[in-house]
Structures are given as structure tokens and as C-alpha cells.
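One letter stands for each residue in the lines below.
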Amino acid sequence: MPSAPSAITFDATLGLAVLRTPNSVYALRIGADGSPRHVHWGPVLDPRGLPHPHSPADSSFEDEAAADELGVQSGARFGPAGLQVRFPDGTSGAQWRFLGHRVDGGELRLRLADRGYPLTAELCYRVHPDSDVIERWTELTHTAAPGDDFGPITVHRLDSASWTAPPLPDARLSHLVGGWSSEFQLHRDRLPVAETVLTSRRGLTGHHASPWLALDDGTATEERGDVWSTALAWSGSWRITVHRDPVGRTTWTGGFGHEGLSWSLRPGETLRTPVFAGLHTPDGFGGASRAWHHHVRTRVLPEPDRDRPVLYNSWEATGFDVDQEGQCRLAGLAAGLGAELFVLDDGWFGARTGDHAGLGDWTPRPEAFPDGLRPLADHVHGLGMAFGLWVEPEMVNADSDLYRAHPDWVLHSPTRDATELRHQLVLDLSRPEVEDAVRTTLDRLVGENAVDWLKWDANRPFTEAGRAGHPDPDRVWIDHTRAVHRIMDRLRADHPGLRIEACAGGGGRVDLAVLARTDQAWTSDNTDPVDRIAIQHGFGQLLPAQSMAAWVTDSPNGLTGRATPLRFRFHVAMAGALGLGGDLTRWRPEELAEAARLVAEYKRIRPLVQHGLQHRLTGPDGLTAVHYAAADDSEHAVLVWRPTTRFGHRPAPLRLPALHAAARYRDPETGRVYDGALLRHCGLDPDLPPGDYASRLIRLHRAG
Ligand code: DGJ
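Anyway, here's the lowdown on the structure attached to this text. (Residues numbered from 1 in each chain as written. Predicted model: local features only at pLDDT ≥ 70, side-chain atom pairs only at ≥ 80, totals over all residues. Heavy atoms only, no water.)

Let's talk about the overall build of the protein chain
Helix and strand content of the protein chain: 11 helices and 37 strands. Its C-alpha radius of gyration of 26 Å places the protein chain within 12% of the 27 Å reference for a compact globule of 704 residues. When its C-alpha atoms are laid out on the principal axes, the protein chain stretches across 75 × 70 × 45 Å. Going through the 704 residues of the protein chain one by one, you find that 59% of them count as buried. (Helix = DSSP H or I, 4+ residues; strand = E, 2+ residues; numbered from the N terminus. Rg over C-alpha atoms; globule rule 2.2 N^0.38 Å. Buried < 20%, exposed > 50% of the residue type's maximum accessible area, 1.4 Å probe, protein only.)

Set out below in C-alpha cells:
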């Protein structure tokens, strides 16, 4: 329970800044050398009692110095630096003078100036009244006037923030890794005494790693234990370096861009980093996730209170083989099952009959849609569903009219072979004319075709990025991503009803920045429900279920070949924003009837799944269960999945620690009434049917 609203104080005598959130305190102190040093991040306490942090000059070989709030490459600092700069005369690093601070409501800014060069940095912090999440970012300014005779400053690294955990006897790192079709696999590894780098060098957030982590001392559980967790709001390349030093201290620094890039900061220019947010909780990994979900719902997602629609998407049913008649038929079947949104996927435009041609030519393929898309959109609307359209606006096939007209618009180097992946190239959105062309194309598509929903895909990473002859060639790594964000923001502003689904070959671009301008993310191209249990388990560490698109597709699964019952597929997909993605023309009448019943069941629990509090009870291996609780305790839903049964053992009862011990709960299906204390401490029998792929949805209503 929050004990106090958030507040920021700055004690000028001590040089001590204290950020108080409802359940935590974050404190830093300005060192005698002008550098802000970390003091405390964790449980509520009075940081004035803590010793003055050491500076690097206090001892020659002992690593006693307190960590900098933003590690600078300068002086006797030998850890990973979050700020690395080189001035035109060849001098590197910054030596700070503390200029002052500003507190403005929930925002703190520490202003630092280099002692010898025209460079300032503002370290920025933001707290919110009802949340333990602290948002941090950095603004670096070249303070020479544009006409002055001082050249650009080269920025080799500019991180958003450095974070420090208190000394722990041991340290464990939770992070997400994977690949295409295996995104968001949660790894929980003992942190070595070393530097551990989490990164994407792909120009996209990446399937392979996510810019989120959690740190604990190796003993935290889902419900208990100190956890420090951070997440970077950036949708391009990024890097987070975690440093566990031999004296037991763990710090990490992170921001946009990967190693080896540099940016040129011109006189008068300010470079603002993305937000790197962090929280501390004593309530274990589950507590950390619920705090993140609250943050995402209150400060990230554009319309968190709107129910995510049950969608139908044609991709797994038809692939590129789309036409008006076939899509109308699928739309009719989907509407009959209770779908609320019909999304026409890839293949509707240009010469796009496969992945080799047409990308970039965003006009309907005449053989498939002779009268354009409007008849299909009208048909879908007539069935009472919203109309969604797949686009991949940042990409182009070499075999396309767009590329033939503008070969210079793609990321390329005139002296290198262009790397084609999935036969496509990346448009360089850092060029204003390309950004403008993409934005106007999307604006036209949405306006002309009554599009309610865009599925925005991106099916390859960057290669040959950086423009030959450009004075700041690596800027593309930042500017492309910013252009994507800008286009999404502008589209939403110009079309207030429009919803956007983030996608990048499955879950290749899922982060807090993309979710600030989209409604949900396509989680993975792997729709096998057994694999999805682990993928969804990882996704939910940071992000709430309403942002996690989950489809029920055909059996056997097109990717894995695994056959699973319809009910199991539904129960797994009900843990997110439910969608349907199978070839409904091949579903038997009894399957369609069961699907309609399960869609209706999902709609009953949708408020709990999409807006409730999520408690992971077990998983993701073996029997897995997730509990969704209404904030007012009135209703509960528990989804239980058991892919395989072993030795014929009965599963252990599921303890439900989120219930109130003094309350009673009624199962509306059986009418049975349970004692809250009993369900909390002894658990509920999941009562699964025998055999593999067993699953159940259990609902409970508060009965007094
Ligand atoms: C990758 C996406 O993840 C799929 O859902 C589908 O839209 C294909 N691209 C289409 O090319």
C-alpha cells in the first residue's frame, strides 16, 4: 500500500536530492568535484544519515568511489561510461561543475557544465504521485553559439541514466532473450563479476534482447524480495551495460545506439536521450511486473482504458493469396464468432504476390481488389467490425515502382553491396523527404479506405546504415526511429479514431516508446500455444496483457506442426488481447460453435485480463497458471495450462495469494463458495481434465 505520495526535495546545504515515491526513496548527492553521485535506491529511509559518497580521487586503487549518476569517461573512473565525448582539439571526457538544480512539480533537473569546454548536461528525473517508477533522461547541449568558431563535439556515447543497486551478497540478472518465433524468453542468471552487455545493433528494439532487466540478490520470488528493474523507452538500437564489480556493487548504464557509433553535436544543439525508467519493489518479480503494468497503463499506452477488440487476421489463413471474395468470406465467418475487428494482412498491394516484389507500392492490387479496398472495408463495417490494414511503411522491395523511382531513398552505401533480407531494403526515414512521403502515403490509405486499425510491420534489421558524404552519418540510427515515432504520433493526431498495432516480424520492436503510440504489439509469429506460454510469460514481465496480441490459429500449427485442442489454444490466447488467425473456412461447424462460445467467454473476463492485476502463480514450465484480479477484488479469473501430464500425478493446488483472507469467493460455474484464507494458503484444485494439453478457466466472484 502506498505510504506517501511522490515528492522531490533538494537540500542545498548537503547537496542532497531525494526523490520520494510512494514506497521507495532514491537519493543522490553532489560531490565536492561537482559530480552527482548515487546515495540510495530502495526502501523508505532518511538518506541524510548515509555517509557522504566517496569520490574517485579519494584512493588510488580501492574501488570505493560511489557510482556517478551518469558515468563519465574522465579522471579516475574506470567503469563503463554513459557519457563519452571528444572535443574538436582532441580532448575527451567531461569534468563537471555543478551549476544548480530545478525542481518543477514531479521533475528534477541537475545542471552540469564542463569546466573547460562549451558543453552542458542536464540529468533529468521525473516521479509520479501514484507510482514507484522513476523516469530518467539526459539532455546534452553544445553551448557555443552557432556562429562561434568552435567545431562540433563528437558524442561517442550518451546514455539516458546510470542506475546503482545497493551492495548485495550476490546478484542475479533477469532479462529477456530470444529470436524470431521465440521472443521474450525469460533468463534469470547469476550475474558474473564482469561487464554484461545487453544490446540490439539492428536498428530495431530486437527479437534477440529486450531493453528491460530486473536485478535481485538471488532470493527474490514472484511475491517477495527486493527487486530493482529498469526499462528503456527506445525502438531502435540500444545498449545496457551491467557492471558487477569485485566489491559487490552493481551498476548499469543504458541508452540509445550501440557501440561504435558516434554523433556530431553542433554548436547550439541539444541531444535528448530517450527515457530510461526504473523502480524498486520489495514485492518480488510479480510486484515489479504489476508496478510496471500500472506505469504502462497510466503513462505509456495512449488509450489504456479502451478494451482491445477481438480481432481476426488473415495472415495464417491466406498468406499472400488475398482477394476481395476470400477476405469477405473470412470476414463473415469471423463476425459470426464474435470478432470485432477484421485485419487484412500482407499481399493486398502493388505486385505483392509473394515477398519478392511490390513492397512500397501502396495501391491495391487490381487483380485481387478490382474496385480498391473500399468494398471490403464497407463489407467489414457492415458486419459490425472495424477494418484493419497491414502495412510495412519503412521497407521496399528492390522490385517495386517506389525503388525504381527513388533508389537513393534506401539505407545504402554506394561502394558496398546492398544486403537484401526477405528481398527487401530499408527506407532511410532520417531523410525528411522520405519521412514525408511515408506519412502522406499512410494518411491517404487511412483516409481513403476508412481504415480503423493499422498493423505496422517491419521485417528486417538495418544494414549499410549511414549516408556516404553526410557530415553525421550515424545519426540515421537515432533519426530513423524518431521519424517512425513522429509519423505514428501524427497519424493518431490526424485520425483520432485510428488504432495501431506494433509488429516487426512478430515481436521485434516492442518497447515503452513504441507502446506510447500504439495500442498493442504482435507478440510473435509463433502461435503454437505451448511455445506461447513461455513467450507470454516473458512479455508480461514488463507489459500488461492488453498490449499483448495473442491469436488462436489452426491445428496442427503451421510453424511447429504441433496439434492441440481448440480449447487449449483459446485458453492460452485469452491471457492477452485475444485474436483469431486460423483458416476459418476449414473449421468444422462444431469447432466454429465452440470458438464462438470461447470468444464470448473471453469477453466476460476481458475487463479482468486487460485491466486487472496480474499474478503469475506458476510457470512457465510444466503446469502454468496466471491469476487476473479486479482492483476492487470483486471478480477474478485464473487461466491454467498443462501442456503435458507426467506420471499421472494430480497437480498441486494453486495458492491464490492475491485474495483476501477474510473474504469469501464463489465460483459462478459450480456455485461453490470458498474461504479466502483457504484459497490463499491451501490453494484451489485446478481440477484439470486428464491428458496432455489440459486447460481451464476458473472464475471467482467475491461473495462477502
Ligand atoms: C510478419 C508478421 O509478424 C506477420 O504477422 C505477417 O504480418 C507477416 N509479416 C506478413 O508479411
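Text resumes after the structure shown.
Remarks on the site of the ligand
Taken together, 13 residues are adjacent to the ligand, and Asp345, Asp346, Lys455, Asp457 and Asp525 come closest. Residue tryptophan 522 places a side-chain N or O atom 3.4 Å away from an oxygen atom belonging to the ligand. Burial of the ligand by the surrounding chains reaches 98%, relative to a free accessible area of 290 Å². Its residues placed into classes, the shell around the ligand shows 4 nonpolar, 3 polar and 6 charged. (Near = heavy atom within 4 Å. Polar contact = N/O pair within 3.5 Å; in protein donor to acceptor, adjacent residues only side chain to side chain. Areas by Shrake-Rupley, 256 points an atom, 1.4 Å probe, with all protein chains shown as cover. Nonpolar A, V, L, I, M, F, W, Y, C, P; charged D, E, K, R; others polar.)

A look at unusual backbone geometry
Looking along the chain, the bond that leaves serine 555 and enters proline 556 is cis, with omega of -5°. Omega for the bond connecting glycine 619 with proline 620 falls within 30 degrees of zero, at 10°, which places this linkage in the cis form. Inspection of the secondary structure puts proline 620 in the loop between β32 (613–618) and β33 (624–629). Even without glycine at this site, aspartate 687 takes up a positive phi of about 50°. By the secondary structure assignment, aspartate 687 is in the loop between α11 (676–681) and β37 (694–702). Overall, the relative accessible area of 48% leaves aspartate 687 in the partly exposed class.

Topic: the sheet that holds strand β5 (residues 83–86)
In any sheet, the strands associate via hydrogen bonds between backbone groups, in a parallel or an antiparallel arrangement. The antiparallel open sheet is built from 3 strands, whose spatial order is β5-β10-β19. Of all the strands in the sheet, the pair left with one neighbour each is β5 and β19 (263–265). Averaged over all pairs of adjacent strands, the angle between strand axes in this sheet comes to 35°, irrespective of strand direction. Examined bridge by bridge, strand β10 (residues 153–158) and β19 share 3 bridges and lie antiparallel to one another. By the bridge assignment, isoleucine 153 is partnered in β19 with leucine 265. (Pairing = 2+ DSSP bridges. Axes fitted to C-alpha atoms, helices over the stretch in contact; angles between N-to-C directions.)

Some thoughts on the sheet that holds strand β1 (residues 7–11)
Across the sheet, which stays open at both edges, the 4 strands sit in the order β1-β2-β3-β4 with antiparallel pairing between neighbours. For this open sheet the edge positions go to β1 and β4 (36–42), each flanked by a neighbour on one side alone. On average, each strand axis in the sheet is inclined to that of its neighbour by 15°, with strand direction left out of account. Across 6 bridges, strand β3 (residues 24–30) lies against β4 in antiparallel orientation. Looking at β4, one finds that arginine 29 is bridged to arginine 37.

Concerning the side chain of serine 400
For serine 400, the position within the fold is in the loop between β25 (395–397) and α5 (401–405). Its relative accessible area of 0% is what places serine 400 among the buried residues. A polar contact is formed between the side chain of serine 400 and the backbone oxygen of asparagine 397, at a distance of 2.7 Å. Ignoring anything within four residues of it in the chain, the contact list for serine 400 reads Gly358, Leu359 and Asp361. (Contact = heavy atoms within 4.5 Å.)

Some points on the packing of helix α6 (residues 432–448) against helix α7 (residues 476–494)
Direction vectors running N to C along α6 and α7 enclose 30°, while the axes themselves pass 10 Å from each other. The orientation of α6 with respect to α7, classified from their angle, is roughly parallel. Taken as a pair, α6 and α7 cross one another with a handedness that is right-handed. Contacts from Glu435, Val438, Arg439, Leu442 and Asp443 of α6 reach α7 at Ala483, Arg486, Ile487, Arg490, Leu491 and Asp494. Residue composition of the contact of α6 with α7, by class: 5 nonpolar, no polar and 6 charged. (Parallel < 35°, antiparallel > 145°, perpendicular 65-115°, else oblique. Left-handed = near helix turned anticlockwise from the far one by under 90°.)

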